[in-house]
Amino acid sequence: NVLEAHQLSKEVSSPEGTLTILRDVSFSINAGATVAIVGPSGAGKSTLLALLAGLDLPTRGHVDLNSANLSELDEDGRALVRAESVGFVCQSFHLVPSLNALENVLLPLELAGHDDARAAARDIIGKVGLADRWSHYPAQLSGGEKQRVAIARAFATEPAVLFADEPTGNLDSRTGANIMELMFELNRSSSTTLVLVTHDSSLAERCDRILSLDSGALVSDTGSVA
């Protein structure tokens with residue numbers, strides 16, 4: 001399994017006392033799978049994604065990502081695992097405005113010390129259909145084009161797991177559908193595991209498996225069984 005959640009709980013302090021955001025969540029995900037995480041607002045979906053990616057640590061429990069126990073690593077160690085194993089796509093794109101499309105995709109490749117970073121970046125820019133837009137800056141790109149750059153950047157390092165948090169949240173439905181088609185296509189061609197937080201039930205149903213959260217608990221797990 002590429003990703004395992006072991007009895008994850010997350011609690012935070014608030015003026016009202018301790019709030020439990022996640023409680024005792026466990027599951028494992030096979031390499032190459034497509035998994036949707038669904039549930040109402042406030043169910044803990046984005047918190048779960050942050051724990052799975054090692055951006056945050058659970059109060060109790062632990063995550064194994066590509067065989068590394070994230071809770072046993074310090075921040076630098078977790079950052080290294082993320083750099084080697086994880087890609088991110090979220091609804092706000094997070095592109096660097098002063099870099100053009102190609103340079104945004106180049107960034108993680110250069111950080112990872114990729115041998116032929118520029119050629120690899122050009123290749124993936126072509127795969128997402130932006131071969132003729134590579135020199136454009138984020139301000140010159142449409143929302144859909146920005147998300148294509150974000151996806152190219154996330155897939156550039158061939159991550160073991162791609163985490164997507166509402167990747168179509170800021171896009172119109174047609175553009176969103178095209179973006180998801182692209183993500184599923186890249187998932188198939190690169191055997192990257194796709195873990196997707198979404199409010200879109202039609203999108204969730206395209207995944208192999210659906211994990212449903214409610215009030216911080218895993219209330220159902222449908223689809224292929226790990």
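Now for a description of the structure that goes with this document. Counting from 1, residues in each chain are numbered in the order their sequence is written. The model is predicted, so local features are restricted to residues of pLDDT at least 70 and side-chain atom pairs to those at 80 or more, both for listing and for counting; the totals for chains, interfaces and linings are taken over all residues. Heavy atoms throughout the structure, all of them, feed into the side-chain values; hydrogens and water do not.

**Considering the layout of surface pockets**
Rolled over the atoms, a probe sized like a water molecule indicates the empty space that remains.
Inference 1: Detection works on a 1 Å grid of protein atoms alone, calling trapped sets that fit a 1.4 Å probe cavities and calling open sets with protein on both sides within 12 Å along at least five of seven lines pockets, with lining residues defined by an atom within 4 Å of a point. Grid points are joined across faces, edges and corners, and a volume is the space filled by probe spheres set on the points. By volume, the largest pocket amounts to about 610 Å³.
Inference 2: As for the largest pocket, its lining consists of 26 residues, and the residues nearest its centre are Val86, Gly87, Phe88, Pro108 and Arg153.
Inference 3: Tallied by class, the residues present in the lining of the largest pocket amount to 18 nonpolar, 4 polar and 4 charged.
Inference 4: One number sums up the size of the second largest pocket: a volume of about 190 Å³.
Inference 5: What lines the second largest pocket is simply His114, Ala120, Asp123, Ile124, Lys127, Phe155, Ala156, Glu158, Leu186, Ser189 and Ser190.
Inference 6: It is helix H4 (residues 117-127) that contributes the most residues to the lining of the second largest pocket, 4 residues altogether.
Inference 7: For this scheme, ten residues count as nonpolar: Ala, Val, Leu, Ile, Met, Phe, Trp, Tyr, Cys and Pro. Four count as charged, namely Asp, Glu, Lys and Arg, and the remainder, Gly too, count as polar. Here the lining of the second largest pocket is composed, by residue class, of 5 nonpolar, 3 polar and 3 charged. Secondary structure counts use DSSP, requiring at least four H or I residues in a row for a helix and at least two E residues in a row for a strand, with both numbered from the N terminus.

**Thoughts on the sheet that holds strand S4 (residues 60-65)**
The pairing of strands in a sheet comes from backbone hydrogen bonds and takes either a parallel or an antiparallel form.
Inference 1: Taken in spatial order, the 4 strands make up an open sheet running S2-S1-S4-S5, and their pairing is antiparallel. In the strand order of this sheet, the two ends are held by strand S2 (17-29) and strand S5 (68-69), each with one partner.
Inference 2: Pairs of strands are assigned from DSSP output, requiring at least two bridges between the strands. In this structure, strand S1 (residues 3-14) lies alongside S4, joined through 5 bridges in antiparallel fashion. The residue of S4 that forms the bridge with histidine 6 is histidine 62.

**Quick look at the packing of helix H3 (residues 101-111) against helix H5 (residues 143-156)**
Inference 1: Remark: H3 packs on H5, axes separated minimally by 8 Å, with the N-to-C direction vectors making an angle of 25 degrees. The angle between H3 and H5 falls in the class roughly parallel. Judged by the sense of rotation from one axis to the other, the crossing of H3 with H5 is right-handed. Side by side, H3 and H5 meet where Ala101, Asn104, Val105, Pro108 and Leu109 of the first sit next to Val149, Ala152, Arg153 and Ala156 of the second.
Inference 2: Within the contact of H3 with H5, the residues separate by chemical class into 7 nonpolar, 1 polar and 1 charged. Orientation is described by axes fitted as lines to C-alpha atoms, over the contacting stretch for helices, and by angles from 0 to 180 degrees between their N-to-C directions. Throughout, the term roughly parallel applies to angles under 35 degrees, roughly antiparallel to angles over 145, roughly perpendicular to angles from 65 to 115, and oblique to all others. Less than a right angle of anticlockwise turn of the near helix away from the far helix marks a crossing as left-handed, whereas a clockwise turn marks it as right-handed. In what follows, a contact means two residues having at least one pair of non-hydrogen atoms within 4.5 Å.

**Points about the environment of valine 197**
Inference 1: When you line up the elements, valine 197 lands in strand S8 (residues 193-197).
Inference 2: Any residue under 20% of the maximum accessible area for its type is buried, any over 50% is exposed, and the rest in between are partly exposed; the area is computed with a 1.4 Å probe on protein chains only. Judged by relative accessible area, valine 197 falls into the buried class, the value being 1%.
Inference 3: As for valine 197 and serine 46, which are separated by 151 residues in sequence, their C-alpha atoms are 7.2 Å apart.
Inference 4: Filtering out sequence-adjacent residues up to four positions away, valine 197 remains in contact with Ile37, Lys45, Leu49, Ala164, Asp165, Glu166 and Pro167.

**Side note on the packing of aromatic side chains**
Inference 1: For this analysis, a ring pair means two rings from Phe, Tyr or Trp (six-membered ring only for Trp) whose centres lie within 6.5 Å, classed as stacked if their planes differ by under 30 degrees, edge-to-face if by over 60, and tilted for the remaining angles. The full count for this structure, using the stated rule, is 1 aromatic pair.
Inference 2: Above the face of the tryptophan 134 ring, arginine 122 is positioned so that its terminal group lies 4.5 Å from the ring centre. A ring has a charge above it when a Lys NZ or an Arg CZ is no more than 6 Å from the ring centre and no more than 35 degrees off the ring normal.

**Focus: the pairing of S4**
Inference 1: As judged from the 2 bridges shared by S4 and S5, these two strands associate in the antiparallel manner. Its bridge partner lying in S5, leucine 65 is registered against alanine 68.
Inference 2: Joining the antiparallel neighbours S4 and S5 is a turn of 2 residues, in which asparagine 66 adopts a positive phi near 50 degrees.

**What to know about the pattern of salt bridges**
Inference 1: Salt bridges are defined as contacts in which a side-chain nitrogen from Lys or Arg sits within 4 Å of a carboxyl oxygen from Asp or Glu. One pass over the structure, following the stated rule, counts 9 salt bridges.
Inference 2: Arginine 188 serves as the salt-bridge partner of glutamate 185, at 3.0 Å between the closest nitrogen and oxygen. With glutamate 185 and arginine 188 both in helix H6 (residues 173-190), this residue pair falls 3 residues apart, about one helical turn.
Inference 3: For glutamate 185, a relative accessible area of 41% gives the class partly exposed.
Inference 4: Three or more residues joined by partner-sharing salt bridges are found here, namely Glu75, Arg78 and Arg82.

**Topic: the side chain of serine 85**
Inference 1: Mapped onto the elements, serine 85 comes out in helix H2 (residues 75-85).
Inference 2: The residues touching serine 85, leaving out its near neighbours within four places in the chain, are Asn66, Pro159, Ala160 and Val161.

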